[in-house]
Amino acid sequence: MNGHFSAVGEQPANGNYDHGCQVIDEEKEFNRNLNDYLQSMHVAEAGFNYHLISVFGSQSTGKSTLLNHLFGTTFSVMSETERRQTTKGIWLSKNKRETSAGTKMADNILVMDVEGTDGRERGEDQDFERKSALFALATSEVLLVNIWEHQVGLYQGANMGLLKTVFEVNLQLFQKDKNSTPRSLLFFVIRDHIGVTPLSALQNTLIQDLQKIWSSISKPEGLEHSRIEDYFDFGFAALPHKILQGDKFESEVAQLGARFTTGHRVNKGGDDGVAETEGGILLPEYHRRIPADGLSVYAEGIWDQIVNNKDLDLPTQQELLAQFRCDEISREVLIAFDQQLTPLEEKQTQASKLGKPVVLPDLGPIASEAREKCFKAFEVQASRYHKGVYSRKKQELESKVDGRLKTLYQGQIAAAHKAGVAAFSEAVANKVKAGQKAGGGYEFAEIVSNEKKKTMDIFKAEVESLAIEGVEWTNFVSQNQLFEAELDEVSSKLRKDEIRRLATRVERWVKSRLGDAVGLEFNKLGSGRGGSGAPEEGEKPATEKDLWDRIWKVFTGVVSEAEGRFSDRAKSFDASDAEVEVGLWRLRRKSWTALREKIEEEVMEGNILMKLRENFEDKFRYDEAGVPRIWRPTDDIEGIYTRARESTLTLIPLLAKFKLLSSQSPPDLVSFIGPQPSGVEAGDEEDLAPIGGVDEEEGKSLEEEMTMLSENKRQDLVVRFKKTADGVYVEAKRSAIGGMTQ
Ligand code: GDP
Ligand code: MG
């Protein structure tokens, strides 16, 4: 099935791990498939819940065979017929057994099968042995040392050389990391145990040898008096000959496998160096504390240092690993965050580019959940790494995430603000319009306060939905105040508009009232006798003389009624005193202008000439009792004509000037209009016509303002009226003669 794969030294293709995963090949190259292998074995996600075990021993002492039996692995073994070295470099495989001899084994046991050496005279092999020992010690919790029974006690044997290397390397490795010197378990598996010498005796011999080796190695400064037990625990097992006692071998291996469970220390270990433990041989303090998802990167870094003969500084390696992994994890957790946030960010950017900011629905809950998930995911994975690096990287991630949220949130608040203001203005305008349609029975102040409350509630809800508990910068309460202030500003603008609308209505009413009332007064001119009896010779009837008094009275009456209407209504929608004052001042001015326009209309040539003619005819054609005259030749037609004509002619100077009979002077327009109130703002005056005498700088005097007919017009009017009167006279004369002939 796997025939085309030579078990020796060939890198398996990605995903094909028939013999486990080669970590280091015979060229001493690190194989990057390790992480892929750990992932495919589901170890990568295990955090610290894994165990790394390495095996050491001379070549062809059945190491691979042992591992395959213990852990169900498929490391290649030397075939029994052609005896040549098989394992090259370092291989790693996950334990395939769940139980051994009925005991559940520890989770995620990873086993490293290390190429053994025999030819200790070959310098190159010694080099690899040293390097692989360093590598194994930097990563593994347990070192299985595989030796033949007959080698026990052979102090000069190859194994002793190996152990010497292990001890030296261990001191080199962990002297830098004095605070957290990890312990390792050296677990001796004595092979081909015949059984004559009990394991306990073999054990003692081995411990004595180990002590001897320990005392013989040169120790770095400060560690001269260190003891072997400071670094190592020891474990022992013996196995019968596999080929000669196959069944027994199997069952003993199974017994041995059952010891690969987690355990804990009961005491520090007796004089014999054997620690008393409960449970299995895998004690927490052996663990190198490299999270499984960082194991590959860590191993690669370690191997790189080893191969390049650099000082292996584990704390530094762990920090580097932490940086690398934290960055990697950060990128990973940001992917999910991006999926949630990027579309929202794009939507917001797009909308604001178009100048139409959008309020993103549910932004608060979506963003805070994405943030929380992102931080949680980072914490779960990254907190297993170097604490200092982790907290630094955590801060980096937080400021990256929060920076983006800040931008989003600020955009959201700006959009909510803008949308809120627009909705508010629109709602008020619509309500007012509807109120107007329904006959004007609406309360502007009420509409404004209702809509303001509604809009504020929506805005507040949005602001509150953005708040994240315990995150200071997500507290946007002060934005509520800004929003409220803007609504108030908008309200006052809307109120101004409303005041203007009210003013327009009132002005229209004034105009229409003045149109009727002033028209009526002028119409009275048509009747030369007025209503107050017969005029004395050469005297104008009272109704004519007090024309302006009556007009002024009508005018001031209408305006004062209008003022009352205006201020009542304006106050009802919370207009300020200043606003009311300005409105009234404007109203008086506009009313005066309207009055003046109405008078001008009345005194327009055609209109006034007709009125004068009517006035004259009335005086000429009717007698004192109001009876129409039938002209007889004896009548003093000329005398009547002259009196009537002169009487009517006196109207022209009367009409020319707005002058009160009572005071013999123009009305006090200046006091009537009053001084310009201090509340007048830019734009308030724009549509106001200048009034002579009131607006002094306009260069027109009150005298001119009160002049309704210019001198020229007066003279012209006199001439034309006389012609008209003459015509009437001639006609009368004719009818008198005609009446006689008849
Ligand atoms: P490694 O080089 O240490 O991995 O050894 P291998 O597992 O490849 O085995 C080397 C040879 O030793 C093979 O031919 C095995 O059949 C043989 N072998 C395996 N187990 C035992 C054992 O318990 N006793 C003896 N005498 N030989 C064994
Ligand atoms: Mg082997």
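Bear in mind that the values here come from a model prediction, so they are computed numbers and not experimental data.

Rules behind the numbers
Residues numbered from 1 in each chain as written. Chains lettered and ligands numbered in written order. Predicted model: local features only at pLDDT ≥ 70, side-chain atom pairs only at ≥ 80, totals over all residues. Heavy atoms only, no water. Helix = DSSP H or I, 4+ residues; strand = E, 2+ residues; numbered from the N terminus. Buried < 20%, exposed > 50% of the residue type's maximum accessible area, 1.4 Å probe, protein only. Contact = heavy atoms within 4.5 Å. Areas by Shrake-Rupley, 256 points an atom, 1.4 Å probe, with all protein chains shown as cover. Pairing = 2+ DSSP bridges. Lys, Arg positive; Asp, Glu negative; His and termini not counted. Salt bridge = Lys/Arg side-chain N within 4 Å of Asp/Glu carboxyl O. Phe/Tyr/Trp six-rings, centres within 6.5 Å; stacked < 30°, edge-to-face > 60°. Lys NZ or Arg CZ within 6 Å of the ring centre and 35° of its normal. Axes fitted to C-alpha atoms, helices over the stretch in contact; angles between N-to-C directions. Parallel < 35°, antiparallel > 145°, perpendicular 65-115°, else oblique. Left-handed = near helix turned anticlockwise from the far one by under 90°. Core = buried A, V, L, I, M, F, W, Y, C linked by side-chain atoms within 4.5 Å. Right-handed = clockwise from strand over helix to strand, strands pointing away. Disulfide = S-S within 2.5 Å.

1. Focus: the overall build of the protein
For the protein, the helix and strand inventory stands at 21 helices and eleven strands. Looking at the protein residue by residue over its 742 residues, the buried ones come to 48%. Across the protein, every contact between residues at least 6 apart in sequence was considered, and the portion connecting residues at least 24 apart equals 75%. Accessible surface for the protein amounts to roughly 36200 Å². Of this, 50% is attributable to carbon and sulfur atoms.

2. A closer look at the pairing of strand β2 (residues 51-57)
The element β2 is extensively covered by neighbouring structure, given that seven of its seven residues are classed as buried. Residues H51, I53, V55 and G57 point to one face of β2 and L52, S54 and F56 to the other, with burial holding for every one of them. In terms of strand pairing, β2 meets strand β6 (residues 109-114) through five bridges, oriented parallel. Among the inter-strand pairings, S54 is bridged to a residue of β6, identified as M112. Where β2 meets strand β7 (residues 142-148), five bridges bridge the pair, whose relative direction is parallel. Residue pairing across strands places V55 opposite L144, the latter belonging to β7.

3. Focus on the side chain of E462
Of note, E462 is situated in helix α11 (residues 444-466). The side chain of E462 sits in the buried core without any salt bridge; K347 is the nearest counter-charge, 12 Å away.

4. Section: unusual backbone geometry
A positive phi angle, near 50°, is found at A101, a position not held by glycine. The topology assignment puts A101 in the loop between β4 (99-100) and β5 (103-104). The phi angle at N309 is positive, at roughly 55°, despite the residue not being glycine. One can find N309 in the loop between α7 (295-307) and α8 (314-353).

5. Let's talk about the packing of aromatic side chains
Aromatic ring pairs are reported here in terms of the distance separating the ring centres and the angle at which the planes meet. With the rule as written, the count across this model stands at 29 aromatic pairs. Geometrically, the ring pair formed by W552 and F555 is tilted, given 5.4 Å between the ring centres and 40° between the ring planes. With W552 and F555 both in helix α14 (residues 547-572) and three residues apart, this pair spans about one turn of that helix. There is no split in this pair, since W552 and F555 are both buried. One aromatic cluster in this structure is built from F522, W548, W552, F555, W592, F658 and F672. For R289, the ring lying beneath its charged end belongs to F48, and the centroid distance is 3.9 Å. Above the plane of the ring of W509 lies R565, whose end atom (NZ or CZ) is 4.2 Å from the centre.

6. Digging into the packing of α14 against helix α15 (residues 577-602)
Contact pair α14 / α15: the axes reach a minimum separation of 10 Å and the direction vectors enclose 150°. By the angle class used here, α14 and α15 are roughly antiparallel. The element α14 and its partner α15 pack so that their crossing is right-handed. Seen from α14, the contacting residues are W548, I551, W552, F555, V559, A562, E563, F566, S567, A570 and K571; seen from α15, they are D577, V580, G583, L584, L587, R588, S591, W592, L595 and I599.

7. Considering the nonpolar core
Counting residues in each nonpolar core, the largest one holds 179 residues, and the members touching the most others are F135, F167, F188, F522, W548, F620 and F658. Contact partners of F658, with chain neighbours within four places excluded, come to W548, I551, W552, W592, L595, I599, P666, P667, M706 and M708. In this structure, L66, L70, F71 and A106 belong to the second largest nonpolar core, which totals 27 residues.

8. Let's talk about the pairing of strand β9 (residues 232-238)
Taken residue by residue, a regular strand's side chains alternate between the two faces of the sheet. β9 sits mainly inside the fold: seven of its seven residues count as buried. Here β9 shows two buried faces, one formed by F232, F234, F236 and A238 and the other by D233, G235 and A237. For strand β8 (residues 184-191) and β9, the ladder comprises seven bridges, and the chain directions are parallel. Within the sheet, the bridge partner assigned to F188 lies in β9 and is F236. Handedness of the crossover joining β8 and β9 through helix α5 (residues 199-216): right-handed.

9. With respect to the sheet that holds β6
Taken in spatial order, the seven strands line up as β1-β3-β6-β2-β7-β8-β9 in an open sheet, and their pairing is mixed. Two strands close off the open sheet at either side, each with one partner strand: β1 (21-24) and β9. Averaged over all adjacent pairs, the angle separating strand axes in this sheet is 25°, with direction ignored.

10. Thoughts on the state of the cysteines
Summed over all chains, the structure comprises zero disulfides. C326 supplies the cysteine sulfur nearest to C374, a cysteine that is in no disulfide, at a spacing of 13 Å.

11. What to know about the pattern of salt bridges
On inspection of all chains with the given rule, the structure shows 51 salt bridges. In this structure, E369 and K373 form a salt bridge, with 3.1 Å as the shortest nitrogen-oxygen distance. Of this pair, E369 and K373 both sit in helix α9 (residues 363-382), four residues apart, which is roughly one turn of that helix. According to the relative accessible area criterion, K373 is exposed, its value standing at 54%. The network of salt bridges with common partners includes R183, D233, R265 and E285.

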